[in-house]
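# Commentary on secondary and tertiary structure
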Amino acid sequence: MTEYSEKFEKMKIAGNLAARTLDMLTEYIKEGISTDYIDKLGYEFIRDNGGYSAPLYYRGFTKSLCSSLNHVVCHGIPSTERILREGDALNIDITAIKENYYGDTSRMFCIGKTPIKVNNLIKVTYESMMRAIKILKPGIKLGDIGFEIQSHVEKNGFSVVRDFCGHGISNVFHEPPNILHYGKRNTGIELKPGMTFTIEPMINTGKFHTKILNDGWTAVTKDKSISAQFEHTLGITENGYEIFTESDKGYSKPPYF
């Protein structure tokens with residue numbers, strides 16, 4: 001037992017609920033349904049499994065999850081008016097609270113047949129997250145995480161969003177440190193056992209610049225290029241890492257079936 005064992009166990013419970021919510025939603029995410037319908041399904045699943053949706057009423061956010069389509073980078077608000085269509089690329093971001101701890105995760109979904117460049121964007125975004133996760137252990141620096149993501153992304157001709165980042169998380173939704181998805185090796189604070197945070201790179205087919213729409217939440221690419229994101233919550237162990245939000249069904253990136 002370590003001094004953080006209890007925290008990790010509780011975060012695994014919350015993280016598993018968030019991941020199972022995405023697993024459940026996968027079969028429903030298809031052409032013709034609204035992002036509001038996805039929101040209702042997610043809310044009910046988390047509620048029925050003894051949890052609570054963290055985004056609901058967080059700083060005035062009115063929905064239970066974020067649904068970010070195409071050129072929306074993050075924090076897209078589910079709507080009855082937004083119906084999924086062939087060729088859409090959708091990110092669903094879920095944060096579940098259970099036993100006062102948080103599990104935060106997101107995945108991309110392709111609606112029907114998406115363009116080859118979008119498919120490649122999604123693939124590279126997922127790869128960049130996993131490349132960063134696989135280097136995690138005590139002693140490495142936060143800049144190493146950003147470098148791993150940025151170098152892989154830019155080598156493949158895409159850009160890393162600068163305006164949003166990963167974050168510390170435990171029994172608080174957002175806490176230090178900020179986890180930048182770009183950076184230089186051997187810079188920033190050193191990772192230590194017991195640290196818990198998210199890695200959630202947002203990657204664009206065009207330039208990295210973003211802007212916030214008038215609703216105060218929805219972040220979009222300034223050049224209207226497509227954006228993709230994946231996210232895991234994880235913890236640093238004595239000799240590596242543990243992911244709290246892995247799919248029970250093995251769903252990692254599209255195609256899921």
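So, here is what we can say about the structure in this document.

## As for the environment of R20
Note on placement: R20 falls in helix 1 (residues 5-26). Assessed through its relative accessible area of 24%, R20 is described here as partly exposed. Sequence-wise, R20 and S247 are 227 residues apart; in three dimensions their C-alpha atoms are separated by 6.6 Å. If sequence neighbours within four positions are ignored, R20 has contacts with F45, N49 and D248.

## Focus on the pattern of salt bridges
Summed over the entire model, instances satisfying the criterion amount to 10 salt bridges. Of the charged contacts, one joins K12 and E9 as a salt bridge, the two residues approaching to 2.8 Å between their closest N and O atoms. Of the two residues, K12 and E9 are both situated in helix 1; the distance of 3 residues between them amounts to about one turn of the helix. A single salt-bridge network, built from bridges that share partners, covers E9, K12 and E242.

## So, the packing of helix 1 against helix 2 (residues 35-48)
Two elements in contact, helix 1 and helix 2, have axes separated by 10 Å at closest approach and are oriented at 135°. Taken together, the axis directions place helix 1 and helix 2 in an arrangement best described as oblique. Remark: the crossing between helix 1 and helix 2 carries right-handed chirality. Only I38, L41, G42, F45 and I46 of helix 2 make contact with helix 1, whose side of the interface consists of L17, R20, T21, M24 and L25. Per-class residue counts for the contact of helix 1 with helix 2 are 7 nonpolar, 2 polar and 1 charged.

## Structural notes on the side chain of D88
Mapped onto the elements of the fold, D88 is located in the loop between strand 3 (72-74) and strand 4 (89-98). Under the relative-accessibility criterion, D88 is labelled buried at 7%. Of the polar contacts made by the side chain of D88, one reaches the side chain of N70; its length is 2.9 Å. If near-sequence neighbours (up to four positions away) are discounted, D88 is found in contact with L69, N70, R82, I83, F109, C110, I111 and T114.

## Re the pairing of strand 8 (residues 175-179)
In this structure, strand 7 (residues 166-168) lies alongside strand 8, joined through 3 bridges in antiparallel fashion. Pairing of G168 across the sheet is with E175, part of strand 8. Connecting the antiparallel pair strand 7 and strand 8 is a turn made up of 6 residues.

## With respect to the nonpolar core
Ranked by internal contacts, the top residues of the largest apolar core, which has 52 residues, are I92, L136, I145, F197 and I199. Listing elements by their share of this core, those giving two or more residues are helix 1, helix 2, strand 4, strand 5 (101-110), helix 3 (116-134), helix 4 (142-155), strand 9 (196-199) and strand 14 (232-236). Here this core takes 9 residues from helix 3, the largest share from any one element. When near neighbours in sequence (up to four residues on either side) are disregarded, I92 contacts L22, L25, I29, I38, L65, C66, S67, T105, S106, R107 and F109. With 10 residues, the next largest nonpolar core counts Y4, A54, Y102 and I169 among its residues.

## Here we look at the sheet that holds strand 3
Reading across the sheet, the 3 strands line up as 3-12-11 and stay open at both edges, with antiparallel pairing between neighbours. The sheet is open, and its two edges are formed by strand 3 and strand 11 (210-212), each paired on a single side. Within the sheet, the average angular offset between the axes of one strand and its neighbour, ignoring direction, is 40°. Across 3 bridges, strand 11 lies against strand 12 (residues 219-221) in antiparallel orientation. In the sheet register, T210 faces strand 12, and the bridge partner there is T221.

## Points about the packing of aromatic side chains
Under the defined criterion, the tally for this structure stands at 9 aromatic pairs. With a centroid separation of 5.0 Å and 80° between ring planes, the pair formed by F61 and W217 is classed as edge-to-face. With F61 in the loop between strand 1 (52-53) and strand 2 (66-69) and W217 in the loop between strand 11 and strand 12, the pair connects residues that are 156 residues apart, well separated along the chain. Geometrically, the ring pair formed by Y126 and F230 is edge-to-face, given 5.3 Å between the ring centres and 75° between the ring planes.

## Some remarks on the layout of surface pockets
In this model, the largest pocket occupies a volume close to 500 Å³. In terms of lining, the largest pocket is formed by 23 residues, of which the most central are Y58, H75, H167, H174 and W217. Tallied by class, the residues present in the lining of the largest pocket amount to 10 nonpolar, 7 polar and 6 charged. The calculated volume of the second largest pocket comes to roughly 300 Å³. Forming the walls of the second largest pocket are 14 residues, and the residues nearest its centre are F109, C110, P254, P255 and Y256. Of all the secondary structure elements, the ones that give two or more residues to the lining of the second largest pocket are strand 5 and helix 3. Of the residues that constitute the lining of the second largest pocket, the class distribution is 8 nonpolar, 4 polar and 2 charged.

Definitions and limits used
- Residues numbered from 1 in each chain as written.
- Predicted model: local features only at pLDDT ≥ 70, side-chain atom pairs only at ≥ 80, totals over all residues.
- Heavy atoms only, no water.
- Helix = DSSP H or I, 4+ residues; strand = E, 2+ residues; numbered from the N terminus.
- Buried < 20%, exposed > 50% of the residue type's maximum accessible area, 1.4 Å probe, protein only.
- Contact = heavy atoms within 4.5 Å.
- Salt bridge = Lys/Arg side-chain N within 4 Å of Asp/Glu carboxyl O.
- Axes fitted to C-alpha atoms, helices over the stretch in contact; angles between N-to-C directions.
- Parallel < 35°, antiparallel > 145°, perpendicular 65-115°, else oblique.
- Left-handed = near helix turned anticlockwise from the far one by under 90°.
- Nonpolar A, V, L, I, M, F, W, Y, C, P; charged D, E, K, R; others polar.
- Polar contact = N/O pair within 3.5 Å; in protein donor to acceptor, adjacent residues only side chain to side chain.
- Pairing = 2+ DSSP bridges.
- Core = buried A, V, L, I, M, F, W, Y, C linked by side-chain atoms within 4.5 Å.
- Phe/Tyr/Trp six-rings, centres within 6.5 Å; stacked < 30°, edge-to-face > 60°.
- 1 Å grid on protein atoms, 1.4 Å probe; cavity = no way out; pocket = protein on both sides within 12 Å on 5 of 7 lines; lining within 4 Å.
- Points joined across faces, edges and corners; volume = space filled by probe spheres on them.

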